[in-house]
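As a plain string of letters, each chain reads:
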Amino acid sequence: MDVLMAPPPKDQVATEIRQELRSIVRQWEDLSKPLSRFETVPDRPEGTPRHYIMFDMNPRRIVTGLQISPKTVSLPDERIRDAFFHVAKAVWHLKDRLILWAWSAGAARDRQHAKHLVHAIPGGCVELRICTDLANKKKHGENQNRSGLSPDLSKVRFDISNSVPIELYYDGATKHKEILVTNPTPISYTLDVITDPDKSVFGDAADVLKTGFDAWLPLIDDMDVLTGDNPETKSLRRILYPDATT
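Definitions and cut-offs
Residues numbered from 1 in each chain as written. Predicted model: local features only at pLDDT ≥ 70, side-chain atom pairs only at ≥ 80, totals over all residues. Heavy atoms only, no water. Helix = DSSP H or I, 4+ residues; strand = E, 2+ residues; numbered from the N terminus. Buried < 20%, exposed > 50% of the residue type's maximum accessible area, 1.4 Å probe, protein only. Polar contact = N/O pair within 3.5 Å; in protein donor to acceptor, adjacent residues only side chain to side chain. Contact = heavy atoms within 4.5 Å. Core = buried A, V, L, I, M, F, W, Y, C linked by side-chain atoms within 4.5 Å. Phe/Tyr/Trp six-rings, centres within 6.5 Å; stacked < 30°, edge-to-face > 60°. Lys NZ or Arg CZ within 6 Å of the ring centre and 35° of its normal. Pairing = 2+ DSSP bridges.

Caption draft 1: Inspection of the side chain of T182 at higher detail. The residue T182 is located in the loop between β8 (176–181) and β9 (189–190) in this model. T182 sits in the buried class, given a relative accessible area of 11%. Among the polar contacts listed, one links the side chain of T182 to the backbone oxygen of P165, at a separation of 2.5 Å. If we skip the residues at most four places from it in the chain, T182 touches G47, T48, P49, H51, S163, V164 and P165.

Written out as structure tokens, the structure reads:
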């Protein structure tokens, strides 16, 4: 039996949904941007690896690494992986406020009916079920394997083909890395959704998260979550439904 006996105010739920939608869009856009901040070591000569990639804003460590010239480097990056897990959680848990909306706005007759209405969506989208599994894996250390794929995230692949030669330092115990590049050009990166038990690649993680998120959009539209003349609502509709005529 639900502890909450009456739905929350409709306007409150609408505000929270708009906040969540903007947050997911911002996070996904951030994950799609290349690394473009560098810190130069002034006493290293030009034409050598002298530009640290700024993976974060912490001071860089003075290191002596291996000088190599590969096209890509695949490394564990817990910060980037955590960012992808966080987006997966945000995408999946959007359901909670959509349930409240369906209930408070009258799209469902009661909370239980609202749950059935919203929970029907993941069943039709494997990418959204993958988001569910990744969210539960991060939060609980295991998942219910709703996708049937036991998904996880791969190491991060950094495209350094335009930045070589580089100097690479990696500490396997702490997972700390430093990469100095010769040419400080933006560094794009990708990671895959991999599946058990064969560790095959399902697809690019950013694309999977975006497809999972997009699976909610028809329901959001059908339930009139983003209607009216509210400037926030209009802005979100332009972002989420770019092909709409109104």
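Still to come is the rest of the account.
Caption draft 2: Here's a closer look at the nonpolar core. Grouped together as the largest cluster of nonpolar side chains are 64 residues, with contacts concentrated most on F84, F158, W216 and I220. Leaving out residues up to four positions away in the same chain, F84 has contacts with L31, L153, Y189, L191, A205, A206 and L209.

Caption draft 3: Quick look at the environment of E127. Along the chain, E127 falls in helix α4 (residues 126–140). When the C-alpha atoms of E127 and S147 are compared, they prove to be 8.0 Å apart, with 20 residues separating the residues in sequence.

Caption draft 4: Main features of the packing of aromatic side chains. In the structure shown here, the tally under the stated rule is 3 aromatic pairs. Centre to centre, the rings of F55 and F158 are 5.5 Å apart; their planes meet at 70°, and the pair counts as edge-to-face. Highlighted residues: F55 in the loop between β2 (51–53) and β3 (66–68) and F158 in strand β6 (residues 156–159), separated in sequence by 103 residues. Neither F55 nor F158 differs from the other in exposure class; each is buried. Counting every residue linked through ring pairs, the aromatic cluster contains F55, F158 and Y189. Its end group placed over the ring of F55, K177 keeps NZ or CZ at 4.3 Å from the ring centre.

Caption draft 5: Inspection of the pairing of strand β10 (residues 192–195) at higher detail. Here β10 shows a buried face lined by D192 and I194 and a second buried face lined by V193 and T195. Sheet topology places strand β5 (residues 152–153) next to β10; 2 bridges connect them, and they run antiparallel. If you follow L153 over to β10, its bridge partner there is V193.

Caption draft 6: Structural view of the sheet that holds strand β11 (residues 200–204). Reading across the sheet, the 3 strands line up as β5-β10-β11 and stay open at both edges, with antiparallel pairing between neighbours. One side of each edge strand has no neighbouring strand; the edge strands of this open sheet are β5 and β11. Summarising the sheet, β10 and β11 pair through 4 bridges and their orientation is antiparallel. Opposite I194, over in β11, you have V201 as the bridge partner.

Caption draft 7: Summary view of unusual backbone geometry. Of note, the bond from V164 into P165 is cis; its omega dihedral lies within 30 degrees of zero at -5°. Residue placement: P165 occurs in the loop between β6 and β7 (166–171). Across the junction of D196 and P197, the peptide omega takes the value 0°, indicating a cis bond. Residue position: P197 is located in the loop between β10 and β11. In the Ramachandran plot, S150 falls in the positive-phi region, its phi being about 45° despite a non-glycine side chain. Position of S150 relative to the elements: it lies in the loop between α4 and β5. Residue S150 is classed as partly exposed on the basis of its relative accessible area of 27%. One non-glycine residue, D224, lies in positive phi territory at about 55°. Mapped onto the secondary structure, D224 falls in the loop between α6 (217–222) and α7 (231–240). By relative accessible area, which is 44% here, D224 ends up partly exposed.

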